[in-house]
Amino acid sequence: MASRFAFDRTRLPAPLLAAGARGQQAYAASELARRLALAREACPEEFEAGKPAFARLIGEAQVLLEPVRRPRRRVPVAVTANPQVVMILPGFGASPMRMRYLARHLERAGHIAKRWGLGRNWGPEPARFDAIEARLLELHARHGRKVVLIGWSLGGLYAREIAKRRPEAVAKVISMGSPFSGSPRANNVWRAYQFITGHSVDAPPIDADLAAKPPVETVALWSANDGVIAPRCAAGRPGERDRAIPLRCTHMGFTYDPQVITTLLAELEATRA
């Protein structure tokens, strides 16, 4: 029965068939098609080994409750005896506003918390790295001291690479859920990343050795509850960071969880520029 109603393309007028063919050719050559191909790229299973289970990813939805929880939350913050200048780098797709809650608590302790100055983070580009480097040097010169770089997720990869460029201006690097170690596909977002940025996750448009430790004190915060990044990729191996500190927050929680804020305050207190 179904064959009686099957659509026969050969019965279409020749001009319509030609127009359809041209449309298909135009799509195949389009930027959209290229990005969709990147998002659908075949990936050997071992390259994704260790990525968080789907249940962990669903757990990231806890962030939707944050507007309700935040007004009732009280995070104890002591005034620091060792104030630091901090530049905070947001994660992929995030803006500095996502980091503002965390920054306010650092400021309550007496630290100087600064934005990275580039708005929303849509991925690595040579010009963006040059701008981050310039921002770092400007803060270093203005305050007359080395700067602590705190980077969430992709922002932590930026922090590590910028510290390699300008170690003389960096006091410490703290990454939070940043996949600097292992496979860059051991996470739940690499397909979306490739579609949005237009480049392969393991072939960024900048020269970088993500696993190489910066020549300054480097601390990696990671969580077994991370629903986005493989915990081992964010914790790293000995030699890829100085210390790895385990937490129990979600990936989104790195921007607001009290244990993250407490850990950051302790790291800043112990920093020696």
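Structural data are supplied above this passage.
Parameters and conventions
Residues numbered from 1 in each chain as written. Predicted model: local features only at pLDDT ≥ 70, side-chain atom pairs only at ≥ 80, totals over all residues. Heavy atoms only, no water. Pairing = 2+ DSSP bridges. Helix = DSSP H or I, 4+ residues; strand = E, 2+ residues; numbered from the N terminus. Axes fitted to C-alpha atoms, helices over the stretch in contact; angles between N-to-C directions. Buried < 20%, exposed > 50% of the residue type's maximum accessible area, 1.4 Å probe, protein only. Polar contact = N/O pair within 3.5 Å; in protein donor to acceptor, adjacent residues only side chain to side chain. Contact = heavy atoms within 4.5 Å. Phe/Tyr/Trp six-rings, centres within 6.5 Å; stacked < 30°, edge-to-face > 60°. Salt bridge = Lys/Arg side-chain N within 4 Å of Asp/Glu carboxyl O. Expected span 1.5 Å × (residues − 1). Parallel < 35°, antiparallel > 145°, perpendicular 65-115°, else oblique. Left-handed = near helix turned anticlockwise from the far one by under 90°. Nonpolar A, V, L, I, M, F, W, Y, C, P; charged D, E, K, R; others polar.

Would you take a moment to explain the sheet that holds strand β6 (residues 243-247) for this structure?
Two modes of strand pairing occur in sheets, parallel and antiparallel, and in both the strands are linked by backbone hydrogen bonds. As summarised here, the arrangement of the six strands in space is β2-β1-β3-β4-β5-β6, forming an open sheet in which the pairing is parallel. Taken across any chain shown, the strands that pair with only one partner, and hence form the sheet edges, are β2 (112-115) and β6. Here the strands of the sheet are splayed against their neighbours by 20 degrees on average, with no regard to which way each runs. As defined by bridge partners, strand β1 (residues 85-89) adjoins strand β3 (residues 147-152) across five bridges and the pair is classed as parallel.

Sorry if this is basic, but what is going on with the side chain of Glu267 here?
As for its position among the elements, Glu267 is in helix α10 (residues 258-269). A residue is classified by how much of its surface remains accessible, and Glu267, at 7% relative accessible area, is buried. Of the polar contacts made by the side chain of Glu267, one reaches the side chain of Arg243; its length is 2.8 Å.

How should the side chain of His199 be read in this particular structure?
Secondary-structure assignment places His199 in the loop between α8 (190-197) and β5 (217-223). A polar contact of 2.8 Å, which involves the side chain of His199, links it to the side chain of Tyr193. The residues contacting His199, other than those within four sequence positions of it, are Leu38, Pro124, Tyr193, Gln194, Pro204 and Pro205.

Quick question: what am I supposed to make of the packing of aromatic side chains here?
Centre-to-centre distance and the angle between the planes together describe a pair of aromatic rings. One pass over the full model with this rule turns up four aromatic pairs. Between Phe92 and Trp122, the ring centres sit 6.3 Å apart and the planes meet at 85 degrees, which makes this aromatic pair edge-to-face. A residue pair is termed long-range when its members are at least 10 positions apart, and Phe92 in the loop between β1 and α5 (100-108) and Trp122 in the loop between β2 and α6 (126-143) qualify at 30 residues. Residue Phe92 is classed as partly exposed on the basis of its relative accessible area, which comes to 25%.

Help me out: how do you make sense of the pattern of salt bridges in this one?
Oppositely charged side chains can form a pair if their charged atoms are brought close together. Summed over the entire model, instances satisfying the criterion amount to 21 salt bridges. Residue Arg185 pairs with Glu41 through a salt bridge whose shortest N-O separation is 2.9 Å. Taken as a pair, Arg185 in the loop between β4 (170-176) and α8 and Glu41 in the loop between α2 (31-39) and α3 (54-59) lie far apart in primary sequence, 144 residues in all. Taking the shortest distance from any N to any O, the salt bridge between Lys164 and Glu161 comes out at 2.7 Å. Taken together, the residues span about one helical turn, with Lys164 and Glu161 both in helix α7 (residues 154-165) at a distance of three residues. Judged by its relative accessible area of 24%, Lys164 is partly exposed.

Can you help me understand α10 in this one?
Because an α-helix completes one turn every 3.6 residues, residues spaced three or four positions apart along the sequence face the same direction. Between its first and last C-alpha, α10 extends 16 Å over 12 residues, near the 16 Å set by a 1.5 Å rise per residue. Turning to α10, the residues buried within the fold contact β1, α5, β3, β4, β5 and β6. At the N-terminal end of α10, a side-chain oxygen is found 2.9 Å from the backbone nitrogen of Gln259, two or three residues along, and the residue is Asp257.

What is the right way to read the packing of α2 against α8 from this model?
What describes two packed helices is the angle between their axes and the distance between those same axes. One way to put it is that α2 packs onto α8 with a least axis distance of 8 Å and a crossing angle of 165 degrees. On the basis of the axis angle, α2 is roughly antiparallel to α8. Taken as a pair, α2 and α8 cross one another with a handedness that is right-handed. Residues Leu32, Arg35, Leu36, Leu38 and Ala39 of α2 touch α8, and the partners they reach there are Trp190, Arg191, Gln194, Phe195, Ile196 and Thr197. Along the lines of polarity and charge, the residues of the contact of α2 with α8 split into seven nonpolar, two polar and two charged.

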